[in-house]
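Architecture and fold: a report
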Amino acid sequence: MVFLQIYGTLRMMLGGRESVELPCYEGDTVGSLLERFQAEERIAVTHKLIDDRRMLHTGTIILLNRRNILHLDKLETPVRDGDVLALFPPGAGG
Amino acid sequence: MGNGWHGKVLRVNLTDKSCTVEPLNMEWAAAFIGGRGLASKYLTSEVDATVDPFSSENKMILATGPLTGTYGAANGRYMVVTKSPLTGTIACSNSGGYFPCELKYAGYDLVIIEGKAESPVYLKIKNGEAELADAGHLWGKTTAETEDAIRAEFHGDAKVACIGPAGESLVRYACIVNDKHRAAGRSGVGAVMGSKNLKAVAVRGTGGVATADNAAFRAAARDTLKMLRQHPVTSEGLPALGTAVLVNIINQSGALPTRNSQCGTFDKAEEISGERLAQTFLKRNKGCMGCVIACGRVTRLADPRFSGAGEGPEYETLWSLGAACGVSDLAAIVHANYLCDEYGMDTITMGSTVACAMELYERGLLGDADTGMPLKFGDADAMVRLVEMTGKGEGFGVRAGLGSYRLAESCGAPELSMSVKKQEFPAYDGRAIQGMGLEYATSNRGACHVRGYLVSPEILGVPEKLDPEAVAGKAVWAKAFQDVTAVVDSAGVCLFTTFGIGIPQVTRLFNAATGFGYSDEQMMEIGDRIYTLERLFNLKAGIDPSQDTLPKRILEEPLPDGPLKGAVSHLPEMLSEYYDVRGWEKGIPTAAKVKSLGLA
Ligand code: SF4
């Protein structure tokens with residue numbers, strides 16, 4: 001299983017749900033997990049994080065076990081059983 | 001005048017009760033823009049850097065920028081520039097709301113306040129007319145009470161900036177609150193106002209701001225607004241959850257200073273997060289005048305212990321009164337935030353001072369005889385009580401009103417103050433975000449996040465993602481962010497626009513408003529000039545480069561938790577590179593640099 005933690009406007013879209021568990025298979029990546037997430041939810045969610053060219057929006061933060069995937073292999077970063085994926089749509093402050 | 005500036009300075013001498021109008025020095029306006037830059041030029045030219053901040057020789061300048069009150073971005077900002085009683089450095093505090101535009105519409109670019117009134121007064125400004133009025137009946141009132149009373153007696157539509165009881169009793173981090181909930185928050189500008197016996201500035205202004213090239217300004221404004229409406233951060237992230245969305249982001253990144261920076265993560269962060277605030281006390285979002293982003297939060301408390309309504313808390317406050325103190329009681333944090341607004345205190349320094357006091361207490365350096373109550377991390381009631389005591393100037397609150405550095409120093413442990421130049425950190429750990437550590441160390445008003453917000457590239461990935469652990473190159477980024485911020489603050493634009501626009505858009509708006517033809521490079525040079533000018537004042541004030549440092553905890557104690565467990569700040573490596581990039585020799589601007597910026 002992979003544990004998805006949901007934050008920001010994504011959480012608001014999903015009625016306040018804080019986390020979701022998804023099965024994880026050999027060869028899974030952050031990108032494939034996001035597609036599975038969207039398929040399970042049956043509503044469009046990934047557009048909050050990535051654009052239609054499968055590029056992360058400026059300001060999207062996806063942490064795999066608390067490491068930003070932009071410093072790993074981005075959407076191609078491999079995901080393994082037990083991993084925690086935190087999803088933050090673009091947000092900011094000061 | 002018709003070009004962004006009105007060309008008028010209002011000079012108010014509180015000692016002889018005079019209000020006079022003089023022409024704005026346009027040579028200085030061309031070199032320093034307005035707002036922070038121009039007010040700093042006036043202050044550094046008129047005030048000896050060594051004066052006691054509470055003496056009548058210190059001045060305070062309320063400054064709008066050439067873009068304040070125009071449409072086109074988020075242009076409702078003003079600055080307060082003075083010498084800080086918290087840090088001894090130059091202070092520049094920034095606020096939005098409606099007061100800044102009203103001040104501009106009343107016909108002045110700057111209001112210079114000098115001297116000291118014999119008894120409490122307030123300043124009334126109405127469309128180019130100014131006079132001082134007795135404020136004896138307002139002394140002791142909270143900020144909201146003061147605003148209501150002034151509106152009732154002066155003008156129902158007046159906009160008011162005032163101090164609360166904390167400013168009157170010279171709490172060193174007292175702020176100036178305008179429109180009841182917006183604040184020129186940091187560095188104790190409200191205490192300087194209190195030391196001058198000036199309770200409030202009330203303004204009624206119905207004029208406008210003329211721009212030099214209306215068609216060019218309209219086109220620039222249209223394009224800027226389009227960018228802000230399209231950028232995911234300014235169009236959706238900030239309006240939906242405000243700054244509070246950062247609690248979970250920064251906590252997950254291991255950079256949320258917890259229990260006086262003893263850790264970098266807070267296990268109860270979710271309970272004080274923006275998401276939780278949205279589910280509980282948030283009513284709606286709200287903007288400063290004319291702002292399309294509208295990041296403000298209108299909240300109402302519904303809790304058996306507390307009641308009330310107001311605005312906020314912002315991210316910084318959720319952290320300072322929350323994680324910094326180990327407190328996860330959201331209602332108590334919201335309540336304490338309202339108290340800070342009412343008494344007129346900077347929530348960042350207030351919370352950090354409570355956190356420091358808690359560590360001093362837990363280490364036995366403060367006892368019940370000092371504090372009058374147990375003061376342990378996680379105790380929400382104690383946090384609220386200490387905020388109240390500080391605002392009222394009661395008991396141990398008097399010592400807390402000195403800020404964490406002076407408090408910790410009086411206990412023989414100044415290293416337990418999480419501050420730079422005696423001003424407390426905001427909500428980011430310099431061990432987990434290396435560039436922010438450099439930024440704190442080199443900020444001209446002591447530790448500060450809005451002098452060069454490197455969190456944006458290092459954590460948020462805006463405009464591009466940098467590695468927060470990396471050291472190389474951070475000096476170049478720090479200088480660039482500091483200079484951009486100086487320009488934005490001087491123009492009268494909200495810094496939050498820079499998540500969605502950059503210097504090219506600010507330059508275009510500025511040129512269209514003023515009729516100038518500056519390049520982006522010239523604007524950046526102005527930023528460098530302003531930053532260096534502030535630095536020169538600080539050096540004259542006796543703040544030497546040895547103070548460009550961080551507390552021992554950040555430099556030597558490895559982060560004990562989170563994804564960056566084991567990290568310390570690599571400040572020394574970054575600092576020498578930073579000085580090189582600035583053209584400063586061992587922290588002192590070289591003669592050649594000073595000359596090249598026209599500051600000789
Ligand atoms: S972005 Fe927020 S702080 Fe800035 S002007 Fe708009 S509402 Fe005010």
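Numbering of residues starts from 1 in every chain and runs along the sequence as written. For this description, chains carry letters from A and ligands carry numbers from 1, given in the order in which they are written. Totals for whole chains, interfaces and linings use all residues, but because this is a predicted model, local features are given only for residues with pLDDT of at least 70 and pairs of side-chain atoms are given and counted only at 80 or more. Just so you know, side-chain values use all the structure's heavy atoms and leave hydrogens and water out.

Moving on: the overall build of chain B. Comment: elements are numbered from the N terminus, with helices defined as DSSP H or I runs of at least four residues and strands as E runs of at least two. Of the regular secondary structure elements, chain B holds 25 helices and 19 strands. Against the globule reference of 25 Å for 600 residues, chain B gives a C-alpha radius of gyration of 22 Å, in line with a compact fold. A principal-axis box enclosing the C-alpha atoms of chain B has dimensions of 60 × 55 × 45 Å. Among the 600 residues that make up chain B, the fraction classed as buried is 67%. Contact criterion: two residues are considered in contact whenever any of their non-hydrogen atoms come within 4.5 Å of each other. Restricting to contacts in chain B with at least 6 residues of sequence separation, those with at least 24 account for 69%. Approximately 18300 Å² of chain B is accessible, and the part contributed by carbon and sulfur atoms is 50%. In this tally Asp and Glu are treated as negative and Lys and Arg as positive; neither His nor the chain ends contributes. For the purpose of locating charges, the reference atoms are NZ of Lys, CZ of Arg, CG of Asp and CD of Glu. Chain B carries 60 positive and 69 negative side-chain charges, and their two centres are separated by 3 Å. Restricting the calculation to C-alpha atoms gives the radius of gyration, and the globule rule supplies 2.2 Å times the number of residues raised to the power 0.38. For every residue, the accessible area (1.4 Å probe, protein chains only) is compared with the maximum for its type, and the residue is labelled buried under 20%, exposed over 50%, or partly exposed between those bounds. Note on areas: Shrake-Rupley, 1.4 Å probe, and residue coverage restricted to the protein chains presented here.

Next up on the list: the domain arrangement of chain B. All names here are of chain B. Domain assignment breaks chain B into domain 1 (8-204), domain 2 (242-423) and domain 3 (433-499 + 519-596). Residue ranges for the domains originate in an automatic or database domain assignment. Look at where the C-alpha atoms of domain 1 and domain 2 centre, and you get two points 26 Å apart. Counting residues at the interface gives 31 residues for domain 1, matched by 30 residues for domain 2. Whenever a carboxyl oxygen of Asp or Glu lies within 4 Å of a side-chain nitrogen of Lys or Arg, that contact is scored as a salt bridge. Inspection of the region where domain 1 meets domain 2 yields one salt bridge. The closest approach of N and O atoms between aspartate 346 and arginine 186, which form a salt bridge, is 3.0 Å. Under this definition, polar contacts are N or O atom pairs within 3.5 Å; protein pairs additionally need one hydrogen-donor-capable and one acceptor-capable atom, and for neighbouring residues in sequence, both atoms have to be side-chain atoms. For the pair domain 1 and domain 2, the number of links is 14 residue pairs in polar contact (both at pLDDT 80 or more). Counting residues per element, the ones that place at least two in the side of domain 1 that touches domain 2 are helix H3 (99-105), helix H4 (143-153) and helix H5 (165-168). Ranked by the residues each element gives to the side of domain 1 that touches domain 2, the list is headed by H5, at three residues. Residue classes in the side of domain 1 that touches domain 2 are distributed as 15 nonpolar, eleven polar and five charged. For this classification, Asp, Glu, Lys and Arg are treated as charged, while Ala, Val, Leu, Ile, Met, Phe, Trp, Tyr, Cys and Pro are nonpolar and the rest, including Gly, are polar.

A few words on empty space enclosed by the protein. Once rolled over the atoms, a probe with the size of a water molecule shows which space is left empty. All names here are of chain B. Both cavities and pockets are sets of points on a 1 Å grid over the protein atoms alone; in a cavity a 1.4 Å probe fits but cannot get out, in a pocket the set is open with protein on both sides within 12 Å along at least five of seven lines, and lining residues sit with an atom within 4 Å of a point. Grid points are joined across faces, edges and corners, and a volume is the space filled by probe spheres set on the points. For the structure shown, the criterion picks out four cavities of 30 Å³ or more. Around the largest cavity, the lining is made up of 49 residues, and of these Arg77, Asn94, Arg182, Ala183 and Glu314 lie nearest the centre. If you list the elements that add at least two residues to the lining of the largest cavity, you get strand E5 (90-95), strand E11 (182-184), strand E14 (296-302), helix H11 (315-320), helix H12 (330-343), helix H13 (347-362) and helix H20 (474-491). It is E5 that contributes the most residues to the lining of the largest cavity, four residues altogether. Its residues placed into classes, the lining of the largest cavity shows 18 nonpolar, 18 polar and 13 charged.

Side chains of nonpolar character tend, in soluble globular proteins, to be buried together. Grouping buried Ala, Val, Leu, Ile, Met, Phe, Trp, Tyr and Cys residues that are joined through side-chain atoms within 4.5 Å yields what is termed a nonpolar core. Counting residues in each nonpolar core, the largest one holds 166 residues, and the members touching the most others are Ile250, Met383, Tyr428 and Leu460 of chain B. Among the elements that make up this core, the one with the highest residue count is H12 of chain B (ten residues). For leucine 460 of chain B, the residues in contact, after removing those within four places along its chain, are Gly59, Ile61, Gly91 and Ala92 of chain A together with Leu246, Ile249, Tyr453, Val455 and Phe499 of chain B. If you look at the next biggest cluster of nonpolar residues, it comprises 29 residues, including Tyr78, Ala91, Leu132 and Val203 of chain B.

All names here are of chain B. If even one non-hydrogen atom of a residue comes within 4 Å of a molecule or strand, that residue is called near it. By nearness alone, every residue bordering the ligand is listed as Ala74, Arg77, Arg182, Gly287, Cys288, Cys291, Ile293, Ala294, Cys295, Cys494 and Phe496. Here the ligand is seated within the largest cavity. Counting contributing residues, the shell around the ligand receives three or more from each of domain 1 (8-204) and domain 2 (242-423). Assignment to a cavity or pocket requires that more than half of a molecule's atoms be within 2 Å of the site's grid points.

Residues and elements named next belong to chain B. The computed volume of the largest pocket comes to approximately 390 Å³. Forming the boundary of the largest pocket are 22 residues, of which Pro463, Phe481, Val484, Thr498 and Phe499 lie nearest the centre. The element best represented in the lining of the largest pocket is H20, accounting for five residues. Here the residues of the lining of the largest pocket are counted per class, giving 13 nonpolar, nine polar and no charged.

Let us now look at the sheet that holds strand E13 (residues 282-286) of chain B. Strands pair in a sheet through their backbones, by hydrogen bonds, and they do so in one of two ways: parallel or antiparallel. Residue and element names in this part refer to chain B. In short, DSSP must find at least two bridges between two strands for them to pair. Read across the sheet, three strands follow the order E13-E14-E15 without closing on themselves; strand pairing throughout is antiparallel. Two strands close off the open sheet at either side, each with one partner strand: E13 and strand E15 (307-311). For this sheet the average axis-to-axis angle between neighbouring strands, irrespective of direction, equals 10°. Taken together, the five bridges between E14 and E15 define a ladder with antiparallel strand orientation. Residue pairing for E15: arginine 300 is matched across the bridge by alanine 309. Throughout, an axis means a line fitted to C-alpha atoms (over the contacting stretch in the case of helices), and angles, computed between N-to-C directions, take values from 0 to 180 degrees. Against the sheet, H12 touches E14 and E15, its axis set at about 115° to E14.

What follows is about the environment of aspartate 346 of chain B. Residue and element names in this part refer to chain B. As for its placement among the helices and strands, aspartate 346 is situated in the loop between H12 and H13. For the pair formed by aspartate 346 and leucine 555, sequence separation is 209 residues and the distance between their alpha carbons is 26 Å. Non-local contacts of aspartate 346, meaning those with residues more than four positions away in its chain, are made with Tyr173, Cys175, Gly185 and Arg186. At a separation of 3.2 Å, a polar atom in the side chain of aspartate 346 contacts the side chain of threonine 349.

Residue and element names in this part refer to chain B. Most of strand E12 (residues 198-204) sits inside the fold, with seven of its seven residues counted as buried. Looking at chain direction, strand E7 (residues 121-126) and E12 are connected through six bridges and run parallel. By the bridge assignment for E12, leucine 123 is matched with valine 201. As judged from the four bridges shared by strand E9 (residues 159-162) and E12, these two strands associate in the antiparallel manner. Note that in E12 the partner of lysine 159 across the bridge is valine 203.

Listed as interface residues are 42 residues of chain B and, on the opposing side, 26 residues of chain A. The interface formed by chain B and chain A includes four salt bridges. Summed over the shared surface of chain B and chain A, the number is eleven residue pairs in polar contact (both at pLDDT 80 or more). Elements with a minimum of two residues in the side of chain B that touches chain A: helix H8 (232-241), helix H9 (246-252), helix H10 (274-280), H11 and helix H19 (455-460) of chain B. It is H8 of chain B that contributes the most residues to the side of chain B that touches chain A, seven residues altogether. Partitioned by chemical class, the residues of the side of chain B that touches chain A number 21 nonpolar, 13 polar and eight charged.

Residue and element names in this part refer to chain B. Note on ring pairs: Phe, Tyr and Trp rings are taken, using the six-membered ring of Trp, and paired if centres are within 6.5 Å. Classes follow the plane angle, with under 30 degrees stacked, over 60 edge-to-face and the rest tilted. On inspection of all chains with the given rule, the structure shows 18 aromatic pairs over all chains. Between tyrosine 71 and phenylalanine 217 the ring centres are 5.3 Å apart and the planes differ by 90°, which places this aromatic pair in the edge-to-face class. One end of the pair, tyrosine 71, is in the loop between strand E3 (60-64) and strand E4 (78-83); the other, phenylalanine 217, is in helix H7 (residues 214-230), and 146 residues separate them in sequence. Judged by its relative accessible area of 46%, tyrosine 71 is partly exposed. Considering the side-chain rings of phenylalanine 425 and tyrosine 440, the 4.9 Å spacing of their centres and the 20° angle between planes classify their relative orientation as stacked. Of the two residues, phenylalanine 425 sits in the loop between strand E17 (423-424) and helix H18 (434-442) while tyrosine 440 sits in helix H18, which places them 15 residues apart along the sequence. We note that phenylalanine 425, like tyrosine 440, is buried. By the ring-pair criterion, three or more aromatic residues cluster together here, those being Tyr315, Tyr428, Tyr453, Phe496 and Phe499.

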